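Listed here are the chains, written in short residue letters.
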Amino acid sequence: MEIKINNIEHIREAAREFIGNIGDHHVFAFYGKMGAGKTTFVKAICEELGVEDVITSPTFAIINEYTAAPSTFLPSLSTIYHFDFYRIKKLEEVYDMGYEDYFYSGALCFIEWPELIEEILPDDAVHVSIIEQEDGSRLVTF
């Protein structure tokens, strides 16, 4: 699947299209260069899922937890975990945080910098690539 984000004004539309295609998947690994728009896109997805909290990058916290409001896509209140593994130096740090409790909880998990933890990603994790195009648009593929 491909979604093109022409500019920031259209990111919420792209987020709705993404949500409409996630199916029964729970773990999403977001790949892209620094500045590609991973956090911005995850934020738009969370907003479309009814998260009312301030959505920020979990770069320093490593994980942020949000509650999504009931919607067409999520019939009841649902937990969303947003990870940023950019600062992880050793895989043991991820073991110590109890990653399995999150990844296998059935909650939505959005993971930035998954290449640093590839070997422990669930087999059914959806790989999402965000690539900045020459014209400044973003191409999201999954």
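Look a little higher up for the structure.
One structure accompanies this document, and this report is about it. (Residues numbered from 1 in each chain as written. Predicted model: local features only at pLDDT ≥ 70, side-chain atom pairs only at ≥ 80, totals over all residues. Heavy atoms only, no water.)

Take the pattern of salt bridges next. Summed over all chains, the structure comprises five salt bridges. Of the charged contacts in the structure, one is a salt bridge between E47 and R12, with a shortest N-O distance of 3.3 Å. With a gap of 35 residues between them, E47 in helix α2 (residues 38-48) and R12 in helix α1 (residues 11-19) connect regions that are remote in the sequence. The class of R12 is partly exposed, set by a relative accessible area of 35%. Across the pair R16 and E48 runs a salt bridge, and its minimum N-O distance is 3.2 Å. Of the two residues, R16 is situated in helix α1 and E48 in helix α2; the sequence distance between them amounts to 32 residues. (Salt bridge = Lys/Arg side-chain N within 4 Å of Asp/Glu carboxyl O. Helix = DSSP H or I, 4+ residues; strand = E, 2+ residues; numbered from the N terminus. Buried < 20%, exposed > 50% of the residue type's maximum accessible area, 1.4 Å probe, protein only.)

One finds F18, F28, F30, F41, I45, I80 and F110 to be the most contacted residues of the largest nonpolar core, which totals 29 residues. Those elements giving two or more residues to this core turn out to be β1 (2-5), α1, β2 (27-31), α2, β3 (63-68), β5 (108-112) and β6 (126-132). In contact with F41, other than residues within four places in its own chain, are I5, I11, A14, A15, F18, F30, I130 and V140. The next biggest cluster of nonpolar side chains, apart from the first, holds 20 residues, and it includes V27, A29, I63 and F85. (Core = buried A, V, L, I, M, F, W, Y, C linked by side-chain atoms within 4.5 Å. Contact = heavy atoms within 4.5 Å.)

Let's shift gears to the environment of A44. Structurally, the position occupied by A44 is in helix α2. For the pair A44 and R138, spaced 94 residues apart in sequence, the C-alpha separation works out to 14 Å. Ignoring any residue separated from it by four or fewer positions in sequence, one finds A44 in contact with I11, R12 and A15.

All told, the structure shown has 15 aromatic pairs when counted by the stated rule. An angle of 40° between the planes, with centres 6.0 Å apart, marks the rings of F18 and F30 as tilted. Here F18, found in helix α1, pairs with F30, found in strand β2; they are 12 residues apart in sequence, far enough to count as distant. When sorted by exposure, F18 lands in the same class as F30, which is buried. Ring pairing ties together the aromatic residues Y81, F83, F85, Y95, Y99, Y102 and F103, which thus form one cluster. (Phe/Tyr/Trp six-rings, centres within 6.5 Å; stacked < 30°, edge-to-face > 60°.)

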